[in-house]
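Chain by chain, the residues run as shown.
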Amino acid sequence: GKKDSKGPTKLQLNSTAKFAVLDLEGITQAVAKLSTDEPPKKSDAKKESSKGGSKGSTQTNTRAKGKTEHTLNADSDLNLPDFKLETNPKWIDERLAKFQEIAKKRDEEFASKDQTAEIVATLPDGKTLTGTAWQTSPYDVAKQISQGLADSAIVARLVYTRYVKDYDPLESGDAGEDIMMGAEESSGDAAASSHVLWDMNRPLVGDCNIEFLKFDDKDGKDTFWHSSAHILGETLESLMGANLTIGPPLSGGFYYDAWIGDEVISEELYPKVEAAVNKVVKQKQKFERLVVTKEEALDLFATNPFKLEIIKTKVPDDSRTTVYRCGPLIDLCRGPHLTSTSKVKAFTCAKHSSTNWMGDVTKPSLQRMYGVSFPDKKMLKLWKENLQKAKERDHRLIGKKQDLFFFSQLSPGSAFFLPHGTRIYNKLVDFIKEHLHQKGYTEVITPNVYNLDLWHTSGHALHYKDAMFTFDVEGQEWGMKPMNCPGHCLLYGHTIRSHRDLPMRLADFGVLHRNELSGALTGLTRVRRFQQDDGHIFCRQDQIEAEVVGALNFMKDVYNTFGMSYKLELSTRPEKALGDVELWKMAEAALARAMDEFIGPGNWRENPGDGAFYGPKIDIKVMDAMDRVHQCATIQLDFQLPIRFDLTYQTGEKNEDGSTKLARPVLVHRAMLGSVERMFAVLCEHYGGKWPLWLSPRQVMLIPVHKDFIPYCEEIRKMLHDLKIYVDISAGRETFQKKVRNAQLAQYNYQLVVGEAEMTNRSVNVRTRENKVEGELKLDDLITKLTTEIREFK
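Residues numbered from 1 in each chain as written. Predicted model: local features only at pLDDT ≥ 70, side-chain atom pairs only at ≥ 80, totals over all residues. Heavy atoms only, no water.

**Let's talk about the state of the cysteines**
Under the definition given, this model contains 0 disulfides. We note that Cys489 lacks a disulfide partner, and the nearest cysteine sulfur, in Cys485, lies 6.7 Å from it. (Disulfide = S-S within 2.5 Å.)

See the structure below:
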């Protein structure tokens, strides 16, 4: 960005989910460093960290680009042609002709396959169906069950138990990581031990366990929206001659980034795009998968410098990748996709924005168009209704209207909570602390700033350092903590522990800092300074199940109080997991038993291969009043930090030589709210600013009908204030009706009207926020009413 004497220009950065270097969801570690049960030496850990990117002591908003050997080259120069705004540019037909020539070569290779070998597909209920390798597709298998299932399924999820002899992952474009994803999102090599998503119309290549996914499944929804992004890309090419870059699915739709020179997208384009999309849908274009060599891919996308950059940087020499075609569009993509564009029954343009190639402001400016689509028009109608509700309930608008918090350019991403916002914040923390006390947790306080040696030991420095604020202290590198777990490991390890000390449940509300990209900062949902209701449980292996059930019940109590429903998913061992496989199996079985005990068999789903590298986890998806999904609470097992910090406990047994036998604890990470700031935002929108009495920063407004009754109001105010109830007096010159209306608009839960009769009877006249008149109530009865509602979280 340019700077002048007036200060830095405000930059709009949009993080891109496709590239992990732009949007760190967690941490990764080098597999080779933890092959034994011995903790790494500090010197080794520093060497390990030095391989990653480093910002040094100077903080910027740009993340290090050197994440893996497959990361896009940030320093390369794109050879951009002069852009010509035109419909149906001739290069589209030229690219299609090349596609068809390559397809002929692949057809010849396919003809050499043994298309007689029998394969077996096993359904979730254990039933088996037979088919023929290289011929039978998931669609064919589903059709054996019912035509309705075959037509409604979006994608198949497979676990191959045996491949046919002539299947070669490299030849079929399945080897290596997804070139359109960052390292943390890669699906990895096709392997018999992990699940894979498979096109419904792609022939199977071995025996497998098979599931058919619909739109209500996350993987099904991602596939549906990924295919819809391709349809959107097709229209941008045909309407504008756009050079497409990337178009991933998101949690609530999808987008496509496109280069259109100095042109910009405006809302005037929306009707044209939507009409073009509907035309593509009606044409029932098939999605076709084609395997291409690196050289063929470079030739296919010769007119698109952005695709060329991806291919040159991320596709190894002498290897293959895949492209997908729908109609005239051919796009570099791992897939899978829908069978046909006709599956998309409803589509709308959601919004647009500007971004930059690779999220780097020094790179070419791109136009991003967001969309959302559904397999049913009723779903789009509901989405639009909820979108309007979301706009009205935006926590940033409510926060400003209710004087709850604000942000300053002098400290971006760090909220200033005003008095009324602080009341809500503290009430949330106190609410969790009361549960912690009841559930046997011990609250601790740990430092905010550590020598970076701590993060070398924990392993976070390798890939998380660029998300930290670091600085020099007396010639050594220090950093502000982005999470509490390494500090809790120090706390556990500072003295000898016995098996009788376990489980040890620690809670910490320490302030955390993460150096998020400036363009990614979004109200209270994405900040740089925040607090978590962080908890860590150090326990024995035989205690895992009980502790997880306890944490799940904790979560249930919290979200039932908020009036939010939830779903549970068990994320199991990923391909690049660390630690002993048998230990993983034991832990996954313990988590499965815990969820069966908590919610019942069949009431949770497995998310194969999506666990953290250090242990399996339970993903808790909570739904708000608008049916939006939030992931706030989490329960994760961690085998690796106890190894890295050499944590042990005395088992009470002896070794053969008479020495005390030691064992490693298992670490359970758990949070109920997650970030208090983010939960503040979620609840603000969930309630629409109409806070329940127990959480409300404005609980009671006293309204005297005449100034003569203000002294009586003051008496009541003191009485309620002593009970820690937030109460104000409306003593201005407004009319009575205006005072009542103002109090209701300000979201006071109750308005207590006071006049001659109420003062004489030692009572108040009660009105609700919804303008319901509850009538006269004695002061003692009022106190009972208010304190009971607060105690019962109403």
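**Structural notes on the packing of helix α19 (residues 710–722) against helix α22 (residues 779–791)**
Between α19 and α22, the least distance of the axes is 12 Å, while the angle of their chain directions is 40°. Crossing geometry of α19 relative to α22 is assigned as right-handed. On α22, the residues touching Tyr712, Ile716, Met719 and Leu720 of α19 are Leu779, Ile783 and Leu786. Classifying every residue of the contact of α19 with α22 gives 7 nonpolar, no polar and no charged. (Axes fitted to C-alpha atoms, helices over the stretch in contact; angles between N-to-C directions. Helix = DSSP H or I, 4+ residues; strand = E, 2+ residues; numbered from the N terminus. Left-handed = near helix turned anticlockwise from the far one by under 90°. Contact = heavy atoms within 4.5 Å. Nonpolar A, V, L, I, M, F, W, Y, C, P; charged D, E, K, R; others polar.)

**A few points about the nonpolar core**
Counting residues in each nonpolar core, the largest one holds 85 residues, and the members touching the most others are Met555, Tyr559, Phe562 and Leu568. Ignoring anything within four residues of it in the chain, the contact list for Tyr559 reads Met564, Tyr566, Val622, Cys632, Ala633, Met672, Leu673 and Met679. Leu213, Phe254, Cys349 and Phe374 belong to the second-largest nonpolar core, a separate cluster that totals 36 residues. (Core = buried A, V, L, I, M, F, W, Y, C linked by side-chain atoms within 4.5 Å. Buried < 20%, exposed > 50% of the residue type's maximum accessible area, 1.4 Å probe, protein only.)

**What about helix α5 (residues 218–240)?**
Helix length check: α5 (23 residues) gives 32 Å between terminal C-alpha atoms against 33 Å at 1.5 Å per residue, within 8%. Buried residues dominate α5, accounting for 19 of its 23 residues. At the exit of α5 stands Gly241, carrying a positive phi of roughly 75°. (Expected span 1.5 Å × (residues − 1).)

**Concerning the pattern of salt bridges**
For the structure on display, the rule yields 44 salt bridges. Residue Asp222 pairs with Lys218 through a salt bridge whose shortest N-O separation is 3.0 Å. Placement of the pair is Asp222 and Lys218 together in helix α5, with a separation of 4 residues, close to one helical turn. Among the ionic pairs, Asp257 bridges to Arg368, the shortest N-O distance being 2.7 Å. In this pair, Asp257 sits in strand β10 (residues 253–259) while Arg368 sits in strand β15 (residues 365–374), placing the two residues 111 residues apart along the sequence. (Salt bridge = Lys/Arg side-chain N within 4 Å of Asp/Glu carboxyl O.)

**Observations regarding the environment of Lys617**
Looking at the secondary structure, you find Lys617 in strand β27 (residues 617–623). Assessed through its relative accessible area of 16%, Lys617 is described here as buried. In this structure, the C-alpha to C-alpha distance between Lys617 and Leu591, residues 26 residues apart in sequence, is 8.0 Å. Not counting residues within four places of it along the chain, the set of residues in contact with Lys617 comprises Glu569, Leu570, Ser571, Leu591, Asp610, Gly611, Ala612, Ile635 and Gln636.

**With respect to the sheet that holds strand β6 (residues 195–198)**
Across the sheet, which stays open at both edges, the 5 strands sit in the order β4-β3-β7-β5-β6 with mixed pairing between neighbours. What marks the edges here is a single partner per strand, and that holds for β4 (128–132) and β6. Between one strand axis and the next, the sheet turns through 35° on average, direction left out of account. Where strand β3 (residues 118–122) and strand β7 (residues 206–213) come together, 2 bridges link them in parallel fashion. (Pairing = 2+ DSSP bridges.)

**Description of the pairing of strand β37 (residues 773–778)**
Here strand β36 (residues 763–768) pairs with β37 via 5 bridges, running antiparallel. When the bridges of β37 are listed, Val766 appears paired with Gly775. Adjacent in sequence and paired antiparallel, β36 and β37 are bridged by 4 residues, among which Asn771 carries a positive phi angle near 70°.

**Considerations on the packing of aromatic side chains**
Tallied over the entire structure, the rule returns 34 aromatic pairs. Ring centres of Phe431 and Phe793 lie 5.2 Å apart, and the angle between their planes is 70°; this geometry places the pair in the edge-to-face category. Note that Phe431 is positioned in helix α11 (residues 419–438) and Phe793 in the segment after α22, a separation of 362 residues in sequence. Note on Phe793: relative accessible area 35%, which makes it partly exposed. (Phe/Tyr/Trp six-rings, centres within 6.5 Å; stacked < 30°, edge-to-face > 60°.)

**Observations regarding the packing of α5 against helix α6 (residues 270–282)**
Two quantities define a packed helix pair, namely the angle between the axes and the distance from one axis to the other. α6 packs onto α5 with a crossing angle of 115° between their chain directions and a minimal axis gap of 9 Å. In this structure, α5 meets α6 at a crossing whose hand is right-handed. Residues Ile231, Leu232, Glu234, Thr235 and Leu239 of α5 form the contact with α6, whose own contacting residues are Lys272, Val273, Ala276, Val277 and Val280. Of the residues assigned to the contact of α5 with α6, the class counts are 7 nonpolar, 1 polar and 2 charged.

**Section: the sheet that holds β36**
The 5 strands lie next to each other as β34-β33-β35-β36-β37, forming an open sheet whose pairing is mixed. Looking at the sheet topology across the chains shown, the edges are occupied by β34 (727–729) and β37. Geometrically, the sheet is characterised by an average inter-axis angle of 25° between neighbouring strands, direction not taken into account. As defined by bridge partners, strand β33 (residues 700–704) adjoins strand β35 (residues 750–754) across 5 bridges and the pair is classed as parallel. Residue pairing in the sheet places Leu702 in a bridge with Leu752 of β35. Helix-sheet contacts for α22 involve β33, β35, β36 and β37, and the interaxial angle to β37 is about 120°.

**Comments concerning the side chain of His337**
Topologically, His337 is positioned in the loop between β13 (329–332) and β14 (346–356). A distance of 2.8 Å separates polar atoms of two side chains, one belonging to His337 and the other to Ser227. In contact with His337, other than residues within four places in its own chain, are Ile154, Asp199, Thr223, His226, Ser227, His230, Phe287 and Tyr324. (Polar contact = N/O pair within 3.5 Å; in protein donor to acceptor, adjacent residues only side chain to side chain.)

**Some words on α22**
With 13 residues, α22 ought to run about 18 Å at 1.5 Å a step, and its terminal C-alpha atoms sit 18 Å apart, in line with that. Taken residue by residue, α22 has Leu779, Leu782, Ile783, Leu786, Glu789 and Ile790 as its buried positions. Projected down its long axis, α22 shows its buried positions confined to an angular sector of 140°, all on one face. Residues of α22 that are exposed and point more than 90 degrees away from the buried face comprise Asp780 and Arg791. Those residues of α22 hidden inside the fold are in contact with β33, α19, β35, β36 and β37. Backbone geometry just after α22 places Phe793 at a positive phi near 55°. (Arc of directions from axis to C-beta.)

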